[in-house]
Structure formats: C-alpha cells, structure tokens
Amino acid sequence: MHILHGSAQRISVVPPVVPIAAPESAEADIEALFLIRGFERLLLDLFSRGVLNGTTHTCLGQEYIPVALSPLFEAPDFIFSNHRGHGHYLARFGDVEGLLLEIMGRAGGVCNGVGGSQHLFRDGFLSTGVLGESVPAAAGMAWSLKRRGGRGIAVAYTGDGGWGEGSVYETLNMASLWRLPLLVVVENNAMAQSSHAEQYRAGTIEDRAHAFGVRALRIGGCDLAEIRNLVGPEIAAMRERPRPLVIEFATQRLGPHSKGDDPRSPELVAELWRRDWEAPLRERHPALCERTAARVGARLEELRATALQKPLSEWTDAR
Amino acid sequence: MHAERIVENLNRAHHELFGRDPAVCLIGEDLLDPYGGAFKVSRDLSTRFPERVLSAPISECAFTGMACGMALAGEKPIVEIMFGDFIGYAFDPLWNLAAKSVSMYGRRVPVHLLVRCTVGGNRGFGATHSQSPQKHFLGIPDLELFEVNPFHDNVELLGELIDRGNPVLLFENKTLYSRHRIQDDDLDDLFSWRFIGPRQEFAQIYIEEPESPDAVIIAPGSVVFPALEAARRAFLDHEMETVILTPAQLHPFPLAPILDDLARAKRILVIEEGIAGGSWAESVATAIYSHLWGRLENPVICLHSKTSIIPCARHLEERVLLQSGHVFEALIGESVRA
C-alpha cells in the first residue's frame, strides 16, 4: 500500500495486488465485498437473460473503495453517488433487496422503480446520472452541514471521466474559498466509457485539485486497513476544521462500461482480473471467504427467486 | 407620494424573507454591499445577514448546482442570475437536478429553490445582455415560471414562491426595476385595475366594466406598458375597449381564471418580448384554442419581438423588440406581426 506521487499512471499500471480486509472487521468487510460483487454479477446475469429493462453500470473491480470508506462516514454525512453507484449504496445500506427491486421496477424498490439504477435517494444518500452534476450539489450540502454546526461532511463519488466537466472546477474553487467540508472521492479507473485516460485527460487530477488549494491524496492498492489508516485521519480533520479534500483511488473497472460495451482487448481485461482483490483475499482468508461467499450467494439466489414474484411498482405521480 | 420602485419592493421582499425564515439564503454574483448586486436587488442584505449571502465567483453552473444541494439539505436558497443571457450555464442543474429531484426518486421531494433571473432589452446592452430566455424553460416537469410585473407585490410573491416546494424561475425585466409599483385602483385617467382569480393570478386592467371587450391582451411583465399605450390609442382613435390581463405565473399557465374574459373577447392577443418559435405566447395560444375552439371570433394573435439578435443602438434595438405600435396595429387589425 502506498500513496502514489508524480505524474499520471498509464492504464497498464493498475493497483498492486495486496492483502485486503482489515483484521478487526474482516468478517463485515468480506461480507460487503462479496455482496456488492455478487449483486453486480447477478445483475449482468439477469440482463443476459432479458429479465431486466434499461441499462446498468457495474462497479466490478472497484467494490473495495466504498467498502473501505463506509465505516468512516457518520450519520449526518450525506453521500452523493453517480451512475456507477451500486457499490456506494450497498456499502452504506447493504440493501440488495431494495436495490434489485428498484432496478426491476417491482414493489419494494428504493424509489418505486422510478429512479432505477442511477437515481437513488434515501437517508443521506442520493445518486444521479449526469456526470459532474453532483459535485456542486454536494458543496451546497456541505455548506448547509457546516452552517448547522455539526461534524457532518458531504461526499461526492466521481469517476475520473466526470472530471471533464467544468462544474467540478467551479466547485473546487468555491469549496476552497468557503472552506466547505466536501470530500470528493475519485474512482480513477482510467476509462471514460470507451475512452482511455490518455485520450481525455491532460495533467493529473491531483494537480488540478492543488491548483485550487485543495488537498489531494492519491491512493493505489486495495488494502482496506491501510486505506482507512490513511484516509481516516484526513476525514476526521475535515470534521474538526472544515475544508475540501480530494481522494483519488487508482483503481480498475473489470466489467464493461454498461452491459456489453467494452472495447478493451481481452488480454488487458485478463491482466486486470489477475490484479483483482478477490483471489488474494480468498487466499488470505480461505475459510471465512468460502463461508461468506456461500451465505451471500444464498441470499442473492433467494432474492433472484422472490424478486420476480413481487408485483410491479406503483407510481401515482405522473400528471 | 409615489409607491415604491419595483427594485425597492424586490429588495424589501428579500429582507422580509430573510428576517422571518432562517433557511432562506442568497447566492449569485457581486451581491455584497456596498455594491449590492448589479441591479441593487440585494442591497444591505449582506450587511444584515452576512452568513446567508454568498457572493459567488462567475460560475453559474456550479453555484446553481450548489443551491440545489442546499435545497436538498432543507435550506431555501434564492439564486440571482445577473443577466438571463447567462442562465444557459445553469440549465443543467435546473433541468436535470432541481426539477427532477422533485419526482425522480419515486416520491415527492420538496425542493425550495427560487432562481431570479434578470431579462429583457431596451437598455442598449446588446445581443448577449438583453434576451428573454423564458421559452427555453417551458414544459420542464415541476419547474415553474413566474415573471415580475408592476401589480403583484413581490413581498407576497417571493414568500409564496420559496415555499412552493417546486423549483421556481422568476424573470425580472430590467426595465421594470426603476418603475414604481402600481397600487392605486385607478391606473390613470382612463384605466382601472384589480386582481382576478382565486389566488389573484392576474391583474385585470380595463376601461369600463368589461362586458364584451373588443380585445383582450395577455401581457406579462414589462410588456404591459406597450399594451397599455396601444390600448389607450385604440380607445381614443377607434373607441375600442381593450382588457389587459397580466399574469404573475407564466408556466404552467393558469387559464381558468380568464376563460370568461377570453370567451367574450372579439380579439385575443398574447404578447411577449421573447421571440417566436416554441415560445411562451404560442403555448398560451395553443391552450386557448384547446379550451375555446368554436367560440373564438378570430385567430389568437401572438406578438413577439423579431426573430433576430438584439442590436445595441437604440434605433436598431427598437426595430427588433416588440413596440406599442405593433400591439396597436394588431389591436385594430391593420396588420398581424409574426
């Protein structure tokens, strides 16, 4: 585990394989990781069977980021998520049932089937599908949290692709000027839909944050304990002395952008899988992983079986 | 003694709102005293409420997006867009975030957000500081459009708008700021006026009790003045009786309170300073047709400014923007201006 400095990484340099799961919370961490991964796989499977409508953006490969961060968030904190948000939601609520029913348009969905995969809102969590849009909204939330005098922070998850939007920079400027407790988490998978970082980004995200006087950390690797050790004190400091912070994770997207649109070579994708967290995790905690994977798998299979039995969701708001 | 000026009325509306509701805040450009906003609507506000007036950088997109986040936090933000021509930068947060948040999450989410937007020409500011962008915001679910006029009291109006729970765009024609509010029942030696509608949706301006007027002009905001001038001339020259209806709310347009007036009119004009093509006036005309088809004596006439950029020089600007002469000609049926 290390913080990376210097110039931008190339796509072929992906997070090193390192041990993961924090010893003191290994069981909960592993459960969350398998739950998110299992959920995303279930979604892709349901799509391939024609059971699901619309589209989805899975976070395969990136699950560890919200799992690492979630325990660092407190009750008044407000999370803004993006199009690739299932992991963010599940790391916070563990609610695979509400999320799957939402995506299936069935009764019991978090937002009555109206929001779908990209538009979720409940208890201090909101996602929306336009990139760059949630960063200023999170800054507004941060302004209110600061003004109300608590320790709350606003968190905006973005991809590196979202940093193409001017709204992000306008917001960094204001958040820095007004010392807003705004945490921008950048899941930098070096891919924006089908485009490679080298095609769309000059310079580095870190330097862009620094240009506004905003502190930025760049983190590689997926050791949950080490991520928390690095990030925890930073977030605690934001609560005591409000200011914005950017945390960039050098990560990898294992799946396609949405369902079947992955222009990357099979060799590259295979290389990314070799650097994934799951195999070393299973090696390090074989029994616990097996037990947890079985339990999570059973929960998801039951959900698969029961979800289709639920009635279609009701929505009375259309006027 | 004159009634207060409209800019003073708007300023007082802010002071009263801030005074009674600690959730109300203001974000926009150049708001701090002693400047107090480009048109002085926020004068003395930052002195009285320094914590709640955010004088932002020139970043319409992000500060409007921030206001959406504030509203989601339970605050009641007011956004000031200095020139309506700049609201293009704020289109995404208004269209995709503020308006959609009300219903996109499967249940009603109150969004207390008021965006005030200075619009209009006749000040010689040229093509990028004079436009009327209202039509670009028509028909967005849960986004409501209002316009300041000389009749409705902005102290009441702003209080109502910030509490609606739907995001609201309030257009303010910049030629109105220095005008005085119209409060006396008699507007002048010829015209009287009163509010009509269960919620005082319209100011109705008339010469005598309107039994069956020769014409009705629906005229929001500042175009009530060219309407008045044209109506006076039509009465003096041709003994035509015209009723002018000035709505506070542009969209969704409250047609019910004026259907009777419209049904009795021999001629209906809908006028605006904006330009034709998916315009507000056209949408109102369509609504009138769908309610009164078969009862109309004449086609509804929509009057706009010319489909043109707005030039700077006064004589050229007058050539483009809607003038009382155009309204007069349409009233007496001499010509119909597209």
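All figures in this text were calculated on a predicted structure; none of them were measured in a lab. (Residues numbered from 1 in each chain as written. Chains lettered and ligands numbered in written order. Predicted model: local features only at pLDDT ≥ 70, side-chain atom pairs only at ≥ 80, totals over all residues. Heavy atoms only, no water.)

1. Let's talk about the overall build of chain A
Okay, step 1: Across its full length, chain A holds 12 helices and 10 strands.
Okay, step 2: Here the C-alpha atoms of chain A give a radius of gyration of 19 Å, agreeing with the 20 Å that 2.2 N^0.38 yields for 319 residues.
Okay, step 3: Seen through its principal axes, chain A has C-alpha atoms that stretch 55 × 50 × 40 Å.
Okay, step 4: For chain A, restricting intrachain contacts to residue pairs at least 6 apart in sequence, the fraction spanning at least 24 positions comes to 75%.
Okay, step 5: Entry remark: accessible area of chain A is about 12300 Å², with carbon and sulfur atoms responsible for 52%.
Okay, step 6: Of the charged side chains in chain A, 34 are positive and 38 negative, and the gap between their average positions amounts to 3 Å. (Helix = DSSP H or I, 4+ residues; strand = E, 2+ residues; numbered from the N terminus. Rg over C-alpha atoms; globule rule 2.2 N^0.38 Å. Contact = heavy atoms within 4.5 Å. Areas by Shrake-Rupley, 256 points an atom, 1.4 Å probe, with all protein chains shown as cover. Lys, Arg positive; Asp, Glu negative; His and termini not counted. Charge placed at Lys NZ, Arg CZ, Asp CG, Glu CD.)

2. Re the overall build of chain B
Okay, step 1: Scanning chain B from N- to C-terminus turns up 10 helices and 13 strands.
Okay, step 2: Over its C-alpha atoms chain B spans a radius of gyration of 20 Å, differing by no more than 12% from the 20 Å that the globule rule assigns to 338 residues.
Okay, step 3: Referenced to the eigenvectors of the C-alpha coordinate spread, the extents of chain B come out at roughly 60 × 45 × 35 Å.
Okay, step 4: Out of the 338 residues belonging to chain B, those deemed buried represent 62%.
Okay, step 5: Restricting to contacts in chain B with at least 6 residues of sequence separation, those with at least 24 account for 76%.
Okay, step 6: With an accessible surface of roughly 13000 Å², chain B has 51% of that area assigned to carbon and sulfur atoms. (Buried < 20%, exposed > 50% of the residue type's maximum accessible area, 1.4 Å probe, protein only.)

3. Observations regarding the side chain of Gln204(B)
All names here are of chain B.
Okay, step 1: Inspection of the secondary structure puts Gln-204 in strand E8 (residues 202-206).
Okay, step 2: The buried category is assigned to Gln-204, whose relative accessible area is 3%.
Okay, step 3: At 2.7 Å, the side chain of Gln-204 forms a polar contact with the side chain of Asp-261.
Okay, step 4: Dropping the residues within four chain positions of it, Gln-204 is found in contact with Ser-192, Trp-193, Arg-194, Ile-196, Pro-210, Val-243, Ile-244, Leu-245 and Asp-261. (Polar contact = N/O pair within 3.5 Å; in protein donor to acceptor, adjacent residues only side chain to side chain.)

4. Things to note about the sheet that holds strand E11 (residues 249-251) of chain B
All names here are of chain B.
Okay, step 1: Read across the sheet, 7 strands follow the order E2-E1-E3-E4-E6-E5-E11 without closing on themselves; strand pairing throughout is mixed. The two strands at the open ends of the sheet, each matched to only one other strand, are strand E2 (53-56) and E11. Each strand of the sheet is rotated relative to its neighbour by a mean of 25°, with strand direction disregarded.
Okay, step 2: Strand direction decides the pairing type here: strand E1 (residues 24-29) and strand E3 (residues 76-81), joined by 5 bridges, are parallel. Bridging from a neighbouring strand, Val-24 pairs with Lys-76 of E3. (Pairing = 2+ DSSP bridges. Axes fitted to C-alpha atoms, helices over the stretch in contact; angles between N-to-C directions.)

5. Digging into the interface of chain B and chain A
Okay, step 1: Across the boundary between the two partners, chain B contributes 33 residues, which contact 35 residues of chain A.
Okay, step 2: Where chain B abuts chain A, roughly 2600 Å² becomes buried across the two surfaces, and 64% of that area is made up of carbon and sulfur atoms.
Okay, step 3: Across the chain B-chain A interface, the total number found is 2 salt bridges.
Okay, step 4: The closest approach of N and O atoms between Glu75(B) and Arg148(A), which form a salt bridge, is 2.5 Å.
Okay, step 5: Contributing elements (two or more residues each) for the side of chain B that touches chain A: E1, E2, helix H3 (60-72) and helix H4 (91-101) of chain B.
Okay, step 6: In terms of residue count, the dominant contributor to the side of chain B that touches chain A is H3(B) (9 residues). (Buried area = accessible area lost by both parts, 1.4 Å probe. Salt bridge = Lys/Arg side-chain N within 4 Å of Asp/Glu carboxyl O.)

6. Notes on the packing of aromatic side chains
All names here are of chain B.
Okay, step 1: This structure, assessed with the given rule, holds 21 aromatic pairs over all chains.
Okay, step 2: Ring centres of Phe-83 and Phe-86 lie 5.6 Å apart, and the angle between their planes is 55°; on these two criteria the pair is classed as tilted.
Okay, step 3: Residue classification places Phe-83 among the buried positions, given a relative accessible area of 10%.
Okay, step 4: An aromatic cluster of at least three residues, connected via ring pairs, comprises Phe-39, Phe-83, Phe-86, Phe-125 and Tyr-177.
Okay, step 5: In this structure, Arg-179 is placed above the aromatic ring of Phe-225, and the distance from its NZ or CZ to the ring centre is 3.5 Å.
Okay, step 6: Over the aromatic face of Tyr-206 sits the side chain of Arg-194, whose NZ or CZ is 4.6 Å from the ring centroid. (Phe/Tyr/Trp six-rings, centres within 6.5 Å; stacked < 30°, edge-to-face > 60°. Lys NZ or Arg CZ within 6 Å of the ring centre and 35° of its normal.)

7. Focus: the domain arrangement of chain B
Residues and elements named next belong to chain B.
Okay, step 1: For chain B, the domain assignment lists domain 1 (6-173) and domain 2 (192-332).
Okay, step 2: Just the C-alpha atoms count here: the centres of domain 1 and domain 2 sit 26 Å apart.
Okay, step 3: With 30 residues of domain 1 at the interface, the matching set in domain 2 holds 35 residues.
Okay, step 4: A buried area of about 2400 Å², summed over both sides, lies between domain 1 and domain 2, and 59% of it is on carbon and sulfur atoms. (Domains from an automatic or database assignment.)

8. Re the sheet that holds strand E13 (residues 301-305) of chain B
Residue and element names in this part refer to chain B.
Okay, step 1: Spatial strand order, E7-E8-E10-E9-E12-E13: 6 strands in an open sheet with mixed pairing. This sheet does not close on itself; its edge strands, each paired only once, are strand E7 (192-196) and E13. Sheet twist, expressed as the average angle between the axes of neighbouring strands with direction ignored, equals 20°.
Okay, step 2: Examined bridge by bridge, strand E9 (residues 215-218) and strand E10 (residues 242-247) share 4 bridges and lie parallel to one another. When the bridges of E10 are listed, Ile-217 appears paired with Ile-244.
Okay, step 3: Where helix H8 (residues 280-292) meets the sheet, its contacts fall on E9, E10, strand E12 (267-275) and E13, and the angle it forms with E12 comes to roughly 155°.
Okay, step 4: Helix H10 (residues 324-332) rests against E9, E10, E12 and E13 of the sheet, and its axis sits at about 160° to E12.

9. Things to note about the state of the cysteines
As used in these notes, a disulfide is a covalent bond between sulfur atoms, one from each of two cysteines.
Okay, step 1: Overall, the coordinates contain 0 disulfides over all chains when judged by the stated rule.
Okay, step 2: Among the cysteines around Cys61(B), which has no disulfide bond, Cys68(B) carries the closest sulfur, lying 9.5 Å off. (Disulfide = S-S within 2.5 Å.)

10. Comments concerning the pairing of E3(B)
The two faces of the sheet receive side chains in turn, since in a regular strand these alternate between them.
All names here are of chain B.
Okay, step 1: Of all 6 residues in E3, 6 are buried; the element is thus mostly enclosed.
Okay, step 2: Burial of the side chains of E3 extends over both faces: Lys-76, Ile-78 and Glu-80 are buried on one face and Pro-77, Val-79 and Ile-81 on the other.
Okay, step 3: Sheet topology note: the E3/strand E4 (residues 114-119) ladder contains 4 bridges and is parallel. Considered in E4, the bridge of Ile-81 is made with Cys-117.

11. Side note on the packing of helix H1 (residues 26-48) of chain A against helix H3 (residues 86-93) of chain A
Residues and elements named next belong to chain A.
Okay, step 1: At their nearest, the axes of H1 and H3 sit 10 Å apart, and the two run at 135° to each other. It follows that H1 is oblique to H3 by the angle criterion. You can see that H1 and H3 cross each other, and the crossing is right-handed. Where H1 abuts H3, its residues Ile-36, Phe-39, Glu-40 and Leu-43 lie against His-86, Gly-87, Leu-90 and Ala-91.
Okay, step 2: Looking at side-chain class alone, the contact of H1 with H3 contains 5 nonpolar, 2 polar and 1 charged residues. (Parallel < 35°, antiparallel > 145°, perpendicular 65-115°, else oblique. Left-handed = near helix turned anticlockwise from the far one by under 90°. Nonpolar A, V, L, I, M, F, W, Y, C, P; charged D, E, K, R; others polar.)

12. Describing the side chain of Asp223(A)
Residue and element names in this part refer to chain A.
Okay, step 1: Position of Asp-223 among the secondary structure elements: in the loop between strand E9 (215-220) and helix H9 (224-240).
Okay, step 2: One buried charged residue, Asp-223, remains without a salt bridge, the closest side chain of opposite sign being Arg-284 at 4.6 Å.
Okay, step 3: At 3.0 Å, the side chain of Asp-223 forms a polar contact with the backbone nitrogen of Glu-226.

13. Thoughts on the environment of Pro311(A)
Residue and element names in this part refer to chain A.
Okay, step 1: Considering the arrangement of structural elements, one finds Pro-311 in the segment after helix H12 (286-307).
Okay, step 2: Residues Pro-311 and Arg-106, 205 residues apart in the sequence, show an inter-C-alpha distance of 5.7 Å.
Okay, step 3: What Pro-311 contacts, discounting residues up to four positions off in sequence, is Arg-106 and Ala-107.

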